[in-house]
Amino acid sequence: MKNYTTLSEIQQDLYAGKLTCIELVTYYLTNIAEKNPTLNAFLNVFGEEALTKAVLVDQKIKDGTAGKLAGLVLGIKDLLCYQGHVSQAGSRILQNFESQFSGTAVQRCIDEDAIIIGTQNCDEFGMGSTNENSAYGICLNAIGENRVAGGSSGGSAVAVQADMCFASLGTDTGGSVRMPAGFCGLVGLKPTYSRVSRWGLISYASSFDCIGPITKSVADAALLLEVIAGKDEQDSTVSTLPTDAYATLKPAKSHYKVGYLREAIESDGLQPEVKAATLAKLEALKAQGHMVEAVDFPLIKYFLPTYYILTTAEASSNLSRFDGVKYGHRSPESVDLMSMYKKSRAEGFGKETRKRIMLGTFVLSASYYDAYYTKAQRVRRLIKEYTDTLLEQYDFLVCPTTPTTAYKVGEKTTDPLQMYLGDLFTVQANVVGLPAISVPNGEDNDGMPVAFQVMAGAFKEAELLAFANTL
Amino acid sequence: MCLNTLIQNLKFIIQHFTYVVTKIKNNMKIDNDALQKIAHLARLEMPASEEQGLLDSLNSVLNWMEELNELDTDGVQPLTHMSLEVNALREDKVIPNISREQGLKNAPKQDGEYFRVPKVME
């Protein structure tokens, strides 16, 4: 199989009769059979179904009726609902849960003739940065020895990285699309909050959650966004603003105003190679004629505490639906209603999820509500206003996607605060609801991918993608 | 008051004092009692073997969260909604949703019509 980087290359060969969807699906299924037992990126593979769909799409291509995503073999994160298929959110509490409907983003991809090949491993309910919090085992990075995939959409990234599918839909609550994309040398896009319907996304923190693509190119991230974005009757928070024709990438301007976060570049925790690669990228931007300036962001140390107070609060509320009654795990030890709730939840949720539910319950409890939850909501406004002000002066804010490259397995699991620090540069976009993209930026001395992040103003995905495409 | 009672009381006071001091020193927000209360509110069974680990972990995260108190937020309105949409309304009409069969499909226990749970009232 040729080494394709964009869907348009694949489609060129499909339409020229040099390639068929059957060949594509067979290729990915062979790779899955070979690599998945070690990497554990896929939790469920829909082999026969994908082959059947491939026959249909091949016919549509011949008939000239195929959709925009014809030839795209797509994986979906285990957090997305796909009718008649198992969606488990990486959690034992949803083991074998079969979704009764398809989420809007998933359905829109199917309607454009994407072939869904399987569901992909992730941290339980998206709670993690390494994919080590999955009830179905860790997913390994395909590069390096015993390195994490990043999280929470780890399986999505590794599947694309290791040629087990061509692109994936992940979800990003605090960096869960961008971080694994960065750790695996891929492009990861988190759209503006509310740009993509959340219908059929199993909720973690509803005011942060975003569906976004993981791809090999900016062009495909743009194409997938074009397909999944836009208003939807099923989500009352989704934006009704018109979408752009993202796939027709705009020509980038020759002169942008780019601000980089001084605190991020000067941070002690920054791996030297990541720092060097970032500084080199900034120099390259200057050489291209862009204005590049350091900006101060004194609130940076408050990103993570704000994020964790609000997301754990929202999670404790969202996850109350898992009660062992209507779906999901029910403890066989239940003797009465209360023990059914308590035992089912204790057995069904993993350690990190239980901890976040406990934290969220605490910060929402009557005596602490104002001190933690309301306080964090106030700080969220401060961070948002400050970010918005900066984005009035600059077209983009840039920084490394993560302070380091992919960790070794087990390296960060002992200290939760160390683990949380990995999200430092990605959470801002979720705290303030803005779009951000991670693109590859070289590699470190061990050959692990380094990544560069660009954030733009609300609903400015078209500009963001145009700029990212030049990086 | 007999001497024994006095000693007992003193012991209790000293123990309690030591406990309070440790709590202040470690800046503990949550103690064992509070942990059990939160676990009950969250409807999570808490095995005794996990208590200490979770206490330490929660307290360290909560102390870190308190860094927000360094910021003056007087007069700052809490940011409660991230979507710009206001009153997203749709027509109120009955549409076929999922069937009963589909709705019951994933239930751990059901009788073809209803979800079944352990007996609630005697």
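Residues numbered from 1 in each chain as written. Chains lettered and ligands numbered in written order. Predicted model: local features only at pLDDT ≥ 70, side-chain atom pairs only at ≥ 80, totals over all residues. Heavy atoms only, no water.

### Some remarks on the overall build of chain B
Here's step 1: Looking only at helices and strands, chain B has four helices and zero strands in total.
Here's step 2: Each helix (α) and strand (β) of chain B, taken in turn from the N terminus, gives the series α-α-α-α.
Here's step 3: Each of the 122 residues in chain B was classed as buried or not, and the buried ones make up 25%.
Here's step 4: As displayed, chain B has an accessible area near 9400 Å², and 55% of this comes from carbon and sulfur atoms. (Helix = DSSP H or I, 4+ residues; strand = E, 2+ residues; numbered from the N terminus. Buried < 20%, exposed > 50% of the residue type's maximum accessible area, 1.4 Å probe, protein only. Areas by Shrake-Rupley, 256 points an atom, 1.4 Å probe, with all protein chains shown as cover.)

### As for the packing of helix 2 (residues 21-39) of chain A against helix 3 (residues 47-63) of chain A
Residue and element names in this part refer to chain A.
Here's step 1: For the pair helix 2 and helix 3, the least separation of the axes is 8 Å and the interaxial angle reads 155°. Relative to helix 3, the element helix 2 is oriented roughly antiparallel. At the point where helix 2 passes helix 3, the crossing takes the right-handed sense. Residues Cys21, Ile22, Val25, Thr26 and Leu29 of helix 2 form the contact with helix 3, whose own contacting residues are Gly47, Ala50, Leu51, Ala54, Val55, Val57, Asp58 and Ile61. (Axes fitted to C-alpha atoms, helices over the stretch in contact; angles between N-to-C directions. Parallel < 35°, antiparallel > 145°, perpendicular 65-115°, else oblique. Left-handed = near helix turned anticlockwise from the far one by under 90°. Contact = heavy atoms within 4.5 Å.)

### Comments concerning the pairing of strand 11 (residues 449-455) of chain A
Residue and element names in this part refer to chain A.
Here's step 1: Of all seven residues in strand 11, seven are buried; the element is thus mostly enclosed.
Here's step 2: What you see with strand 11 is no split at all: Pro449, Ala451, Gln453 and Met455 on one side and Val450, Phe452 and Val454 on the other are buried throughout.
Here's step 3: By the bridge criterion, four bridges tie strand 9 (residues 396-400) to strand 11 in an arrangement that is antiparallel. Its bridge partner being in strand 11, cysteine 399 is matched across the sheet by glutamine 453.
Here's step 4: The sheet contact formed by strand 10 (residues 436-443) and strand 11 spans six bridges and is antiparallel. Bridge assignment links proline 440 to a residue of strand 11, and that residue is alanine 451.
Here's step 5: Linking strand 10 to strand 11, which pair antiparallel, is a turn of five residues; within it glycine 447 sits at a positive phi near 85°. (Pairing = 2+ DSSP bridges.)

### Some thoughts on the pairing of strand 10 of chain A
Here's step 1: Taken together, the three bridges between strand 5 (residues 187-190) of chain A and strand 10 of chain A define a ladder with antiparallel strand orientation. Residue pairing across strands places leucine 189 of chain A opposite isoleucine 437 of chain A, the latter belonging to strand 10 of chain A.

### With respect to the interface of chain B and chain A
Here's step 1: Contacts between the two partners involve 53 residues from chain B, matched on the other side by 69 residues from chain A.
Here's step 2: Across the interface of chain B and chain A, roughly 5400 Å² is buried in total on both sides, 68% from carbon and sulfur atoms.
Here's step 3: A salt bridge links lysine 301 of chain A to glutamate 70 of chain B; its shortest N-O distance comes to 2.9 Å.
Here's step 4: Our count for the contact surface shared by chain B and chain A stands at 23 residue pairs in polar contact (both at pLDDT 80 or more).
Here's step 5: For the side of chain B that touches chain A, the secondary structure elements donating two or more residues are helix 2 (32-41), helix 3 (48-65) and helix 4 (100-104) of chain B.
Here's step 6: By residue number, the principal contributor to the side of chain B that touches chain A is helix 3 of chain B, which donates nine residues. (Buried area = accessible area lost by both parts, 1.4 Å probe. Salt bridge = Lys/Arg side-chain N within 4 Å of Asp/Glu carboxyl O. Polar contact = N/O pair within 3.5 Å; in protein donor to acceptor, adjacent residues only side chain to side chain.)

### Details of the side chain of aspartate 78 of chain A
Residue and element names in this part refer to chain A.
Here's step 1: As for its position among the elements, aspartate 78 is in the loop between strand 2 (73-77) and helix 4 (104-111).
Here's step 2: Despite its burial, aspartate 78 remains without a salt bridge, the nearest opposite charge being carried by lysine 77 at 9.9 Å.
Here's step 3: Side-chain polar atoms of aspartate 78 contact the backbone nitrogen of glutamine 88, separated by 3.0 Å.
Here's step 4: A distance of 3.0 Å separates the side chain of aspartate 78 from the backbone nitrogen of glycine 90, its partner in a polar contact.
Here's step 5: Among residues more than four places away in sequence, those in contact with aspartate 78 are Leu43, Val86, Ser87, Gln88, Ala89, Gly90, Thr119, Gln120, Cys122 and Ile202. (Lys, Arg positive; Asp, Glu negative; His and termini not counted.)

### A few points about the sheet that holds strand 11 of chain A
Sheets are built from strands that pair by backbone hydrogen bonding, the pairs being arranged parallel or antiparallel.
All names here are of chain A.
Here's step 1: With mixed pairing, the 11 strands of this open sheet are ordered in space as 1-3-2-4-6-5-10-11-9-7-8. Edge positions in the sheet fall to strand 1 (42-45) and strand 8 (291-295), since each has one partner strand and no second. Strand-to-strand twist of the sheet, defined as the mean angle between neighbouring strand axes without regard to direction, takes the value 30°.
Here's step 2: Running over the sheet, helix 2 touches strand 1, strand 2 and strand 3 (115-120) and is turned about 15° from strand 3.
Here's step 3: Across the face of the sheet, helix 9 (residues 272-287) comes into contact with strand 7 (257-261), strand 8, strand 9, strand 10 and strand 11 while running at roughly 50° to strand 11.

By themselves these figures say nothing about function.
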